[in-house]
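# Geometric and topological summary
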Amino acid sequence: MKHDILIFDLDGTISDPKEGIVKSFNYALAHVGLPELPEQEIASYIGPPLDTTFIALTGNHDPQFIADLVARYRERYADIGYSENRLYDGVKDTLIALHNQKNRMGICTSKRTDFAKQILTLFGLDSLFDFINGGDVGIEKWQQLRDLRQQFTISQHSLMIGDRAGAGNRTSRLYV
């Protein structure tokens, strides 16, 4: 069966965001007086929404505290963090080949849409995608995919590629 649209996650699928994400998390933690964390610890949290990760890293559930951390993270990420992404070997050629074969493609990422567009533009990939759907604080991937489905952007014949959190849950089974 041919899929009507291939939906790619961004972080960890198309590009390696580790450097910019780790540095931006540590920037936010330092701003509130918390110690920086090792790269390996932060790297294990790449993918979920920022608020979820900051709660896991700090153990603090105070909404204002988490919002302050998210704002500081985004401050650095908007300035330089997004540009510290590294495209995985062979990904650009693969995406171009899929596009040239007339495959419809989209992006669905937990990252905000504006950041996702900046990264894809940085690598010259933005024009390959029919849509770029980003998330935000408090929004889970399955909700994004549900909304795309309700807007008739994707269907049950679409295929999500690269979302480790959604691979075996509601994301791939119910909404794509």
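Residues numbered from 1 in each chain as written. Predicted model: local features only at pLDDT ≥ 70, side-chain atom pairs only at ≥ 80, totals over all residues. Heavy atoms only, no water.

## Things to note about the pairing of strand S5 (residues 131-134)
Burial of S5 is two-sided: the residues Phe131 and Asn133 facing one way and the residues Ile132 and Gly134 facing the other way are all buried. Two elements, strand S4 (residues 105-109) and S5, share 4 bridges in a ladder whose sense is parallel. When the sheet's bridge partners are listed, cysteine 108 is paired in S5 with asparagine 133. Tracing the backbone out of S4, into helix H6 (residues 113-122) and back to the parallel element S5 gives a crossover that is right-handed. (Buried < 20%, exposed > 50% of the residue type's maximum accessible area, 1.4 Å probe, protein only. Helix = DSSP H or I, 4+ residues; strand = E, 2+ residues; numbered from the N terminus. Pairing = 2+ DSSP bridges. Right-handed = clockwise from strand over helix to strand, strands pointing away.)

## With respect to the pattern of salt bridges
In the structure shown here, the tally under the stated rule is 12 salt bridges. Where arginine 74 meets aspartate 136, a salt bridge forms, and the shortest distance between an N and an O atom there is 2.7 Å. Of this pair, arginine 74 sits in helix H4 (residues 63-79) while aspartate 136 sits in the loop between S5 and helix H7 (141-150), and the two are 62 residues apart along the sequence. Relative accessible area serves as the criterion here: at 30%, aspartate 136 is assigned to the partly exposed category. The salt bridge partner of arginine 146 is aspartate 147, with a shortest N-O separation of 3.3 Å. Taken together, the salt bridges that share partners define one network made up of Glu19, Lys23, Arg76, Glu84 and Arg86. (Salt bridge = Lys/Arg side-chain N within 4 Å of Asp/Glu carboxyl O.)

## Thoughts on the nonpolar core
Counting residues in hydrophobic clusters, the biggest one holds 35 residues, and the most contacted among them are Ile14, Phe54, Leu95 and Phe129. Looking at which element gives the most residues to this core, the answer is H4, with 6 residues. In contact with phenylalanine 129, other than residues within four places in its own chain, are Phe8, Ile14, Leu95, Met105, Gly106, Ile107 and Leu120. With 8 residues, the next largest nonpolar core counts Ile5, Cys108, Phe131 and Met160 among its residues. (Core = buried A, V, L, I, M, F, W, Y, C linked by side-chain atoms within 4.5 Å. Contact = heavy atoms within 4.5 Å.)

## Things to note about the confidence of the model for the chain
As a note on interpretation, predicted positions should not be read in detail where pLDDT is low. Mean pLDDT over the chain: 90, with 92% of residues reaching 70 or higher. Across the chain, helix H5 (residues 91-100) holds the top mean pLDDT of 98, while helix H8 (residues 170-174) sits lowest at 35. Contacts from residues 166-176, a stretch scored under 50 in pLDDT, to residues over four places away or in other chains number 25 contacts. (pLDDT = per-residue confidence, 0-100.)

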